[in-house]
Amino acid sequence: MTQRVRVYLACSLDGFIAGEGNTLDWLAPPEGDPEDDGSGLDFPTFMSQVGAMLMGRTTHDVVAGMGVGWPYGDMPVLVATTRALDPLVPSVRAVSGDIRSMLDQALEAAGPDGDVYLDGGALVRSALDAGLVDELVLTLIPIALGKGVPLFQGIAERQRFTFGEPVKFAGSMVQLVATPVKAAGAGPSE
């Protein structure tokens, strides 16, 4: 099995992955929606394929501050930061450097058969610009936020993708699997 660098994000229709002030309250599914019918890639299934995470410092701080405990168990989580980090669990550690070196560390931590889950807007944009993302699983939420943390705003280069079949699930959400069209020789899976 070839390791992959993968992104799994919810995104508003207007392209935000978090609301203003990094809020996530808009992610709750609308009342009355049925459960996932099994045709989408649910988060537990996705996580079963992941061996390590590389997340941005803001993402770490938002997750750590949710008051629900650390949701990733003992999975290795590398946090991109230059500031001191006080991890909630021993499996979390700080890393710094350029996106390629941090992803190399995450791929090593994932083991030979584990994918890397890349999380955090700035990291995703950096990895896309470097040609290092293999797949984006984007769940489009039927809401327009108007402002917040953008997914693609600020990428240095135009990005092209191919889409798998869209899947409608949880009543009104749509999930797309987007595969970046990479330049020859780019990325960890080349």
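Look a little higher up for the structure.
Rules used in this analysis
Residues numbered from 1 in each chain as written. Predicted model: local features only at pLDDT ≥ 70, side-chain atom pairs only at ≥ 80, totals over all residues. Heavy atoms only, no water. Helix = DSSP H or I, 4+ residues; strand = E, 2+ residues; numbered from the N terminus. Buried < 20%, exposed > 50% of the residue type's maximum accessible area, 1.4 Å probe, protein only. Salt bridge = Lys/Arg side-chain N within 4 Å of Asp/Glu carboxyl O. Phe/Tyr/Trp six-rings, centres within 6.5 Å; stacked < 30°, edge-to-face > 60°. Axes fitted to C-alpha atoms, helices over the stretch in contact; angles between N-to-C directions. Parallel < 35°, antiparallel > 145°, perpendicular 65-115°, else oblique. Contact = heavy atoms within 4.5 Å. Nonpolar A, V, L, I, M, F, W, Y, C, P; charged D, E, K, R; others polar.

Trainee: Mind laying out the overall build of the protein chain, listing which residues take part and the relevant values?
Mentor: Each helix and strand in the protein chain was counted, giving four helices and 11 strands. Across the 190 residues of the protein chain, 43% fall into the buried class.

Trainee: Requested: an account of the pattern of salt bridges, with residues and values cited.
Mentor: For the coordinates displayed, the defined rule picks out four salt bridges. We note a salt bridge from Arg-4 to Asp-115, for which the minimum N-O separation is 2.9 Å. Separated by 111 residues along the polypeptide, Arg-4 in the segment before strand E1 (5–12) and Asp-115 in strand E6 (residues 115–119) bring together distant segments of the chain. Overall, the relative accessible area of 0% leaves Asp-115 in the buried class. Put simply, Glu-135 and Arg-6 hold a salt bridge, and the shortest N to O gap is 2.7 Å. One end of the pair, Glu-135, is in strand E7 (residues 135–141); the other, Arg-6, is in strand E1, and 129 residues separate them in sequence. Across the pair, Arg-6 and Glu-135 agree in class, each one buried. Residues joined by salt bridges that share partners form a network here, namely Arg-4, Arg-6, Asp-115 and Glu-135.

Trainee: Which residues make up the packing of aromatic side chains, and what values do they have?
Mentor: According to the stated counting rule, one finds seven aromatic pairs in the structure shown. For the pair Trp-70 and Tyr-72, a centre-to-centre distance of 5.4 Å together with 75° between the ring planes defines the contact as edge-to-face. Of the two residues examined, Trp-70 and Tyr-72, each falls in the buried class. Aromatic rings pair up to connect Tyr-8, Phe-43, Phe-46 and Tyr-117 into one cluster.

Trainee: Describe the packing of helix H3 (residues 99–110) against helix H4 (residues 121–129), listing the residues and the values that go with them.
Mentor: At a closest axis distance of 10 Å, the pairing of H3 and H4 adopts a crossing angle of 105°. Here H3 is positioned roughly perpendicular relative to H4, judged by the angle of their axes. Taking contact as the criterion, the partners of Ile-99, Met-102 and Leu-103 in H3 are, on H4, Leu-123, Ser-126 and Ala-127. Looking at side-chain class alone, the contact of H3 with H4 contains five nonpolar, one polar and no charged residues.

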